[in-house]
Amino acid sequence: MKDKRILLGISGGIAAYKMATLTRLLVKAGASVRVVMTEEAQAFITPLTLATLSKNPVLSRLYNPVDGTWHNHVELGLWADLMLLAPATANTLAKMAAGAADNLLLTTYLSARCPVWVAPAMDLDMWQHAATQRNLETLRKDGVRVLPPDAGELASGLSGPGRLPEPEHLAALVAQWFAGEGLASSSSDSGKALPLSGKKALITAGPTYEALDPVRFIGNHSSGKMGIALAEALAELGASVVLVKGPTNLNSRSAQVRELAVTSAGAMFEACSEHFAQSDIFIAAAAVADYRPERPSNQKIKKKEADSDRMTLTLVKTTDILAEMGKRKKPGQLVVGFALETENEVENALSKLERKNLDLIVLNSLNDAGAGFGVDTNRITLIENRNRIDNFPLMSKTDAARTIAQRIVDLLP
Ligand code: CTP
């Protein structure tokens, strides 16, 4: 990052304290850092701290109230190679989307000619609100890169997406981006240096619903969190991702993730069949129903008063999507599966790895508190073969996804 000019825009959220570390990491990596912060942000971290760490004065106001000097936002906007707004509050995002210009941070944003990234951080309800999501969509259309927030415990006590990613992770993203840009300017192939640039990934996520009749189905409690986190982790490393997603309310926030919504195992299989041949990486993270009702009824099934108290359903096997893609795998393609086990965990996972012709299997233990369906954390074991088995501690699904993504980078030819 030597000699790169990074403009940090800080708005008023509790995560502003993390910006001291980010500033220090960027400066240590050789970047020139300048900081613009809103007045509200000063309640969370002092300009003095950031000025000391960045070795530059920190600006907040449009002018100096003592001597009336005008702070030139145009000059700042032209100076930067990259502008990163972190934490970006719901309020600042809304103003950016609307083109408001009532503080120095916003006028600088409007003057910036460089790429602009935002790292939103806020409470779960604010993050999920339609207005916030609409504003982010507007910003994406305006060319702003939105870095997805981490999920976890929030300052309010709620748990979910909304946390500012750790400074180390933000610094790594900035470094990767500059490394890619550096190569791009010498090779004209833009973004080549991100480890998964130009790679296509196909990922399944969430549950499937197998219809019994028009109003009932057999399903499961998968939230899709792990598959979505994987899609975002691969996108962060430069891949373009097709996410085939069973019924869940959760969405990916990344512009590089294209979501295809499906309902049943059959539809998930068809979507995967269509995209598999063009994909470099296939990951089956969905909790696919192994069986479906043999003959779903066209009409709502009626309760039969005169009949017995029992009802028998005939179920038939669904296609094992992962095994099928394993069969179709060509040299150069990587196929990754999940195993959710309760007993003989490693042995069962190894047998699945071989049976389904996989390159990597991610073992989740249902015996661990904090791992499995619906929760934000996971304990994973990565298994490549009998001699390469790595256990990881309990971590957020975002971090687990990044760990898996990194292993995929290592495994790709
Ligand atoms: N899977 C799939 N299609 C199916 C069933 C499973 O793609 N119809 C994938 C899952 O996404 C997961 C892996 O296969 O990546 C493991 O699935 P699991 O149901 O645990 O294993 P099975 O092979 O079905 O074996 P068992 O039920 O005996 O554990």
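Residues numbered from 1 in each chain as written. Predicted model: local features only at pLDDT ≥ 70, side-chain atom pairs only at ≥ 80, totals over all residues. Heavy atoms only, no water.

A. The packing of aromatic side chains, seen in detail. The final tally for this structure, using the stated rule, is 4 aromatic pairs. For the pair Phe276 and Phe282, a centre-to-centre distance of 5.8 Å together with 80 degrees between the ring planes defines the contact as edge-to-face. Each member of the pair Phe276 and Phe282 is classed as buried. Lying across the ring of Trp79, Arg34 places its NZ or CZ 5.2 Å from the centre. Between Arg145 and the ring centre of Trp117, over which it is positioned, the NZ or CZ distance is 4.4 Å. (Phe/Tyr/Trp six-rings, centres within 6.5 Å; stacked < 30°, edge-to-face > 60°. Buried < 20%, exposed > 50% of the residue type's maximum accessible area, 1.4 Å probe, protein only. Lys NZ or Arg CZ within 6 Å of the ring centre and 35° of its normal.)

B. Spotlight on the packing of helix α10 (residues 265–276) against helix α11 (residues 321–328). Two elements in contact, α10 and α11, have axes whose closest approach is 10 Å; the angle formed by their N-to-C orientations is 20 degrees. It follows from the interaxial angle that α10 and α11 lie roughly parallel. Remark: the crossing between α10 and α11 carries right-handed chirality. For the pair formed by α10 and α11, the contact residues are Ala265, Met268, Phe269, Cys272, Ser273 and Phe276 on the first element and Ile321, Glu324, Met325 and Arg328 on the second. (Axes fitted to C-alpha atoms, helices over the stretch in contact; angles between N-to-C directions. Helix = DSSP H or I, 4+ residues; strand = E, 2+ residues; numbered from the N terminus. Parallel < 35°, antiparallel > 145°, perpendicular 65-115°, else oblique. Left-handed = near helix turned anticlockwise from the far one by under 90°. Contact = heavy atoms within 4.5 Å.)

C. Helix α5 (residues 104–111), seen in detail. The buried fraction of α5 amounts to 7 of the 8 residues, a majority that puts the element mostly inside the structure. Taken together, the buried positions of α5 are occupied by Leu104, Leu105, Leu106, Thr107, Thr108, Tyr109 and Ser111.

D. Inspection of the pattern of salt bridges at higher detail. Throughout the structure, instances matching the rule amount to 24 salt bridges. In this structure, Arg140 engages Glu137 in a salt bridge whose closest nitrogen and oxygen atoms are separated by 2.9 Å. You can see Arg140 and its partner Glu137 sitting in helix α7 (residues 130–141), 3 residues apart, about one turn around the helix. Exposure remark for Glu137: the relative accessible area of 37% places this residue in the partly exposed category. Across the pair Glu166 and Arg163 runs a salt bridge whose closest N-O atoms are separated by 3.4 Å. Among the charged side chains, a salt-bridge network with shared partners connects Asp150, Glu236, Asp399 and Arg402. (Salt bridge = Lys/Arg side-chain N within 4 Å of Asp/Glu carboxyl O.)

E. Representation of the side chain of Thr204. Following the sequence through the fold, Thr204 ends up in strand β9 (residues 200–205). In contact with Thr204, other than residues within four places in its own chain, are Gly227, Val244, Met268, Cys272, Phe282, Ile283, Ala284, Ala285 and Ala286.

F. Structural detail: the domain arrangement of the chain. Domain annotation for the chain reports domain 1 (5–179) and domain 2 (200–300 + 311–411). Centre-to-centre separation of domain 1 and domain 2, based on C-alpha positions: 35 Å. Taken residue by residue, the interface counts 12 residues in domain 1 and 10 residues in domain 2. Between domain 1 and domain 2, a total of about 1,000 Å² is buried, with carbon and sulfur atoms accounting for 46% of that surface. Linking domain 1 to domain 2 there are 1 salt bridge. (Domains from an automatic or database assignment. Buried area = accessible area lost by both parts, 1.4 Å probe.)

G. The sheet that holds strand β2 (residues 32–37), seen in detail. Strand order in the open sheet formed by 6 strands is β3-β2-β1-β4-β5-β6, and the pairing between neighbours is parallel. Edge positions in the open sheet fall to β3 (58–59) and β6 (145–146), since each of these has one partner strand only. Where strand β1 (residues 5–10) and β2 come together, 6 bridges link them in parallel fashion. Counterpart to Arg5 in the pairing with β2 is Ser32. Relative to the sheet, helix α2 (residues 47–54) contacts β1, β2 and β3, its axis offset from that of β2 by approximately 165 degrees. (Pairing = 2+ DSSP bridges.)

H. Region of the structure containing the nonpolar core. Grouped together as the largest cluster of nonpolar side chains are 35 residues, with contacts concentrated most on Leu230, Leu234, Val241, Ile283, Ile404 and Ile408. Contributing elements (two or more residues each) for this core: β9, α9 (225–236), β12 (240–245), β14 (281–284), β17 (334–341), β18 (360–365), β20 (380–385) and α13 (397–411). For this core, the element with the most residues is α9, which contributes 8 residues. If we ignore the near neighbours within four places in the chain, the residues touching Ile283 are Leu202, Ile203, Thr204, Leu230, Leu234, Val336, Phe338 and Ile408. Val27, Leu50, Ala121 and Ala171 belong to the second largest nonpolar core, which has 32 residues in total. (Core = buried A, V, L, I, M, F, W, Y, C linked by side-chain atoms within 4.5 Å.)

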